[in-house]
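Observations on chain architecture
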Amino acid sequence: MSAVESYSSLAALKAGTASGAACLVGASGIPDGVLFFTSGDFTDQADNVNIVKADSVSLTAGAWVRQAATAVVAKYPAAGAPFLNLRDYILDNGSYNVMGFVPQAAKSGIRDRTSTIDVDAAIQTAMEAIEGERGGGLLWMPAGRFNIGSPVIGQQGVGIYGQGPAATYLHNRGTGDCLVYGTGAGSGDADFERTLIEGLAIIGSPTSGKAFWGRKATTMFCIRDVYIESGNSPVVLDSCYSLMMERVQVRGAETYSATIWVRGQRLSG
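The sections below set out a description of the structure shown in this document. As the structure is a computational prediction, the values presented were derived from the model and not from experiment. (Residues numbered from 1 in each chain as written. Predicted model: local features only at pLDDT ≥ 70, side-chain atom pairs only at ≥ 80, totals over all residues. Heavy atoms only, no water.)

Right, let's talk about the overall build of the protein chain for a bit. Within the protein chain one finds three helices and 19 strands. Scored against the burial criterion, the 269 residues of the protein chain give a buried share of 50%. A separation of at least 24 residues holds for 58% of the contacts in the protein chain among residues at least 6 apart in sequence. Counting only carbon and sulfur atoms, one obtains 51% of the accessible surface of the protein chain, whose full area is about 11,900 Å². (Helix = DSSP H or I, 4+ residues; strand = E, 2+ residues; numbered from the N terminus. Buried < 20%, exposed > 50% of the residue type's maximum accessible area, 1.4 Å probe, protein only. Contact = heavy atoms within 4.5 Å. Areas by Shrake-Rupley, 256 points an atom, 1.4 Å probe, with all protein chains shown as cover.)

Have a look at this one:
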């Protein structure tokens with residue numbers, strides 16, 4: 001699994017290992033930010049800010065590419081405003097690409113959907129990096145099949161978005177849950193605020209657990225363009241305060257398709 005390296009100068013970034021993700025912090029005259037080493041032809045594009053050449057790799061083969069960041073200033077919309085688009089209030093401090101964290105041996109199999117390697121630990125590491133290094137943001141999951149063997153525990157303010165439910169999917173191969181937000185320890189749990197799950201599919205089996213379990217996790221929570229198939233009680237959301245579910249489809253559930261608690265009232269489908 002690729003680690004996220006941190007560099008304090010442009011020269012150190014250029015001399016570092018050309019793979020995965022890197023944080024550039026405190027470099028003279030250059031904005032702080034996150035860069036992914038990206039394969040491709042970057043001839044004549046290097047500007048030492050957004051595109052950075054690695055010493056060990058020709059620009060015809062790849063380069064460090066800065067990731068865009070758009071900060072959300074307002075925490076909440078005006079009280080009582082109707083028909084809120086919660087997507088506008090998602091915490092977006094920039095995005096990390098999960099492919100910078102998965103094992104090299106799994107990458108080609110993810111893209112062509114033949115991989116037999118579980119990558120839940122890599123997804124977990126990526127989410128923890130976003131929360132720890134940027135205080136929240138989005139994890140980008142490109143097209144491919146990502147095998148999940150153990151539950152991925154969501155981090156505060158860290159969302160996941162994919163290339164679309166027909167392109168990006170999580171294959172829950174275990175008997176546990178797939179994505180879990182919140183500890184479920186009690187009513188005093190901290191809310192998981194301003195989080196997005198968008199543009200992916202979660203495929204389970206008759207023996208797998210929940211596709212998505214939000215345990216005291218639904219303050220400014222947005223689930224959009226998600227397809228879920230199989231699993232037991234595949235969608236469970238506890239203590240919903242501000243929740244948007246848009247174009248969410250559940251098929252082949254072994255038990256309830258969805259259980260949602262809104263201010264003490266249970267809504268089940």
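This part takes up the pattern of salt bridges. Note on pairing: side chains with opposite charge can pair once their charged atoms come close. Tallying each qualifying case throughout the model produces five salt bridges. The partner of D118 in a salt bridge is R173, and the shortest N-O contact between them spans 2.7 Å. Note that D118 is positioned in the loop between α2 (104–112) and α3 (120–134) and R173 in the loop between β11 (168–172) and β12 (179–181), a separation of 55 residues in sequence. A relative accessible area of 38% places R173 in the partly exposed class. Between D225 and R247 there is a salt bridge, and its shortest N-O distance comes to 2.4 Å. Note that D225 is positioned in strand β15 (residues 219–229) and R247 in strand β17 (residues 243–251), a separation of 22 residues in sequence. In this structure, a network of salt bridges that share partners links the residues E198, R224, D225, E246 and R247. (Salt bridge = Lys/Arg side-chain N within 4 Å of Asp/Glu carboxyl O.)

With that settled, the discussion passes to empty space enclosed by the protein. For the structure shown, the criterion picks out two cavities of 30 Å³ or more. The computed volume of the largest cavity comes to approximately 50 Å³. Every residue lining the largest cavity is listed: I197, I202, F212, I223, V226, I228, V235 and V248. For the lining of the largest cavity, the secondary structure elements donating two or more residues are β13 (193–203) and β15. Space inside the second largest cavity adds up to approximately 40 Å³. Together, N172, I202, I203, G204, S208, G209, K210, A211, E229, S230 and G231 line the second largest cavity. By residue class, the composition of the lining of the second largest cavity is three nonpolar, six polar and two charged. (1 Å grid on protein atoms, 1.4 Å probe; cavity = no way out; pocket = protein on both sides within 12 Å on 5 of 7 lines; lining within 4 Å. Points joined across faces, edges and corners; volume = space filled by probe spheres on them. Nonpolar A, V, L, I, M, F, W, Y, C, P; charged D, E, K, R; others polar.)

Each aromatic ring pair is summarised here by two numbers: the centre-to-centre distance and the angle between the ring planes. This structure, assessed with the given rule, holds four aromatic pairs. A ring pair is formed by F37 and W64, whose centres lie 5.5 Å apart and whose planes are at 80 degrees; its orientation type is edge-to-face. Highlighted residues: F37 in strand β3 (residues 33–39) and W64 in strand β5 (residues 62–66), separated in sequence by 27 residues. Between the aromatic rings of Y96 and F101, the centroid separation amounts to 6.2 Å while the plane-to-plane angle is 10 degrees, which identifies the pairing as stacked. (Phe/Tyr/Trp six-rings, centres within 6.5 Å; stacked < 30°, edge-to-face > 60°.)

This part takes up the sheet that holds β5. On the basis of which strands lie adjacent, the open sheet formed by five strands has the order β1-β2-β3-β5-β4 and mixed pairing. Of all strands in the sheet, those with a lone pairing partner are β1 (5–7) and β4 (51–52), marking the two edges. Alignment of β4 against β5, held across two bridges, turns out to be antiparallel. Residue V52 lies in a different strand from β5, and its bridge partner there is W64. (Pairing = 2+ DSSP bridges.)

Take a probe with the size of a water molecule and roll it over the atoms, and the empty space left behind shows itself. In this structure, the largest pocket spans a volume of roughly 330 Å³. Around the largest pocket, the lining comprises 14 residues; the ones closest to its centre are F37, T38, S39, K107 and R111. Going through the elements one at a time, β3 and α2 are the ones with two or more residues in the lining of the largest pocket. Of the residues forming the lining of the largest pocket, the biggest block, four residues, is contributed by β3. For the lining of the largest pocket, a count of residues per class yields four nonpolar, eight polar and two charged.

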